Amino acid sequence: MEKYFAVMGHPIAHSLSPQMHKAGFAAMGLKADYLRFDVQPEHLQAAVLGLNALGFAGWNVTLPHKETIIPFLDELTLDAERIGAVNTVKRVGDRLIGHNTDGGGFIRSVEAQLGSFRGKRAAILGAGGAARGISFALAGEEMKLEILNRTPEKAQRLAADLRATGADASWGELPSELELRGIDLLVQTTSIGLYGESYPIKLRGFTQDTLVVDIIFNPWQTPFLKAAQESGCRTLNGLDMLLLQGCLAWEFWFEKEAPVNEMRVALLSAL
Ligand code: ATR
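Structure report, in brief. (Residues numbered from 1 in each chain as written. Predicted model: local features only at pLDDT ≥ 70, side-chain atom pairs only at ≥ 80, totals over all residues. Heavy atoms only, no water.)

Notes on the site of the ligand
- Close to the ligand lie 14 residues; A127, N149, R150, T151 and K154 are nearest.
- Residue K154 places a side-chain N or O atom 2.9 Å away from an oxygen atom belonging to the ligand.
- Taken by itself the ligand offers 640 Å² of open surface, and the protein chains cover 69% of this.
- Classifying every residue of the shell around the ligand by side-chain character gives five nonpolar, seven polar and two charged. (Near = heavy atom within 4 Å. Polar contact = N/O pair within 3.5 Å; in protein donor to acceptor, adjacent residues only side chain to side chain. Areas by Shrake-Rupley, 256 points an atom, 1.4 Å probe, with all protein chains shown as cover. Nonpolar A, V, L, I, M, F, W, Y, C, P; charged D, E, K, R; others polar.)

In structure tokens, the structure reads:
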């Protein structure tokens, strides 16, 4: 019997998850399809009940539903529980299990370049949902974290949540100048650059030692990432994070390794 998967969010038109997952299904010869649903926040519960009633095997959840879907699920994995957000749902019998693969995807995407994580320093620009997933994953790898955000109260709250789990986390306001010496990993999680805007922060002290990641991948290189690269840093955009969170979701649904190469090719050709 054909299995059905989906992604729900609002807006959703630009999601590349269908292309990525369908390529994965095809590569593995699975009889499955993957749809895209635009779900308004006030219809979230009805949408969850609907997908469940229709027998969907699982789905992805994106903005703005990653936190608000939690009350409509039966169970959370430890990752979802720790982060307080869900990006993947699996139906097991009549139970809906919420999981989070954003952080794990991020870890997998940077580990080849960063090597080890433990005891290294990471600075996170932004304190929204994406920053939360990434910070908890990095804290799980025992990195030291500094959260910097335009609205400092949000950085403070995220740092406090991280510290409550035993992490080494400090916070501050997004500064007008940032000294990078001593920072092993800098992660840009805000939406600045989506429309080609230049970054409002001056970055100083760039070296080869800092890996700079911008989670945006469309445009392929934001002005922020371009500046970091021109200053000699190693850089990475967010495509691998998207790909590898998708692979982890795939593995959660099917309990086997995802065909990462085919899924990467599908993403690149969809861009
Ligand atoms: P996401 O889940 O993608 O992280 P979000 O939860 O809306 O989205 O978070 C957006 C992040 O980008 C926030 O950290 C936001 O800063 P505020 O908390 O101060 O709102 C940050 N952000 C968005 N536009 C920004 C801008 N022009 N300058 C600085 N930070 C910005």
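Points about the sheet that holds strand β5 (residues 88–92)
- Sheet architecture is open: six strands sit in the order β2-β1-β3-β5-β6-β4, paired in mixed fashion. At either margin of the open sheet sits one strand with a lone partner, and together these are β2 (32–38) and β4 (75–76).
- Of the pairings in the sheet, the one linking strand β3 (residues 58–61) to β5 comprises three bridges and is antiparallel in character. Considered in β5, the bridge of W59 is made with V89.
- Helix-sheet contacts for helix α1 (residues 17–27) involve β1 (3–9), β2 and β3, and the interaxial angle to β2 is about 170 degrees.
- Most of the contacts of helix α8 (residues 239–254) go to β5, to which it runs at about 10 degrees, and overall it touches β1, β2, β3, β5 and β6 (95–99). (Pairing = 2+ DSSP bridges. Helix = DSSP H or I, 4+ residues; strand = E, 2+ residues; numbered from the N terminus. Contact = heavy atoms within 4.5 Å. Axes fitted to C-alpha atoms, helices over the stretch in contact; angles between N-to-C directions.)

Structural notes on the sheet that holds strand β9 (residues 169–173)
- With parallel pairing, six strands are arranged side by side in an open sheet as β9-β8-β7-β11-β13-β14. The outermost strands of the open sheet, each flanked by one partner alone, are β9 and β14 (234–236). Averaged over neighbouring strand pairs, the angle between their axes works out to 15 degrees when direction is ignored.
- Where strand β11 (residues 185–188) and strand β13 (residues 211–214) come together, four bridges link them in parallel fashion. Across the sheet, the residue bridging to Q188 is D214, located in β13.
- Docked against the sheet, helix α6 (residues 152–164) engages β8 (144–149) and β9, running at close to 180 degrees with respect to β9.
- In the packing of helix α7 (residues 223–230) onto the sheet, contacts are made with β7 (121–125), β11, β13 and β14, and the angle to β13 comes to roughly 165 degrees.

Observations regarding the environment of G9
- Relative to the helices and strands, G9 is located in strand β1.
- Distance in space between the C-alpha atoms of G9 and Q40 is 7.6 Å, their sequence separation being 31 residues.
- Aside from chain neighbours lying at most four places away, what touches G9 is F37, D38, V39, T62, L63 and H65.

What about the packing of aromatic side chains?
- Going through the model one piece at a time under the given rule, you end up with nine aromatic pairs.
- Arranged with centres 4.6 Å apart and planes meeting at 55 degrees, the rings of W250 and F254 form a pair that is tilted. Of the two residues, W250 and F254 both sit in helix α8, four residues apart, roughly one turn of that helix.
- You can call W250 buried: its relative accessible area is 0%.
- On the basis of relative accessibility, which here comes to 14%, the residue F254 falls in the buried class.
- Pairwise contacts between aromatic rings join F5, F25, Y34, W250, W253 and F254 into one cluster. (Phe/Tyr/Trp six-rings, centres within 6.5 Å; stacked < 30°, edge-to-face > 60°. Buried < 20%, exposed > 50% of the residue type's maximum accessible area, 1.4 Å probe, protein only.)

Worth remembering: the numbers are spatial, not functional.
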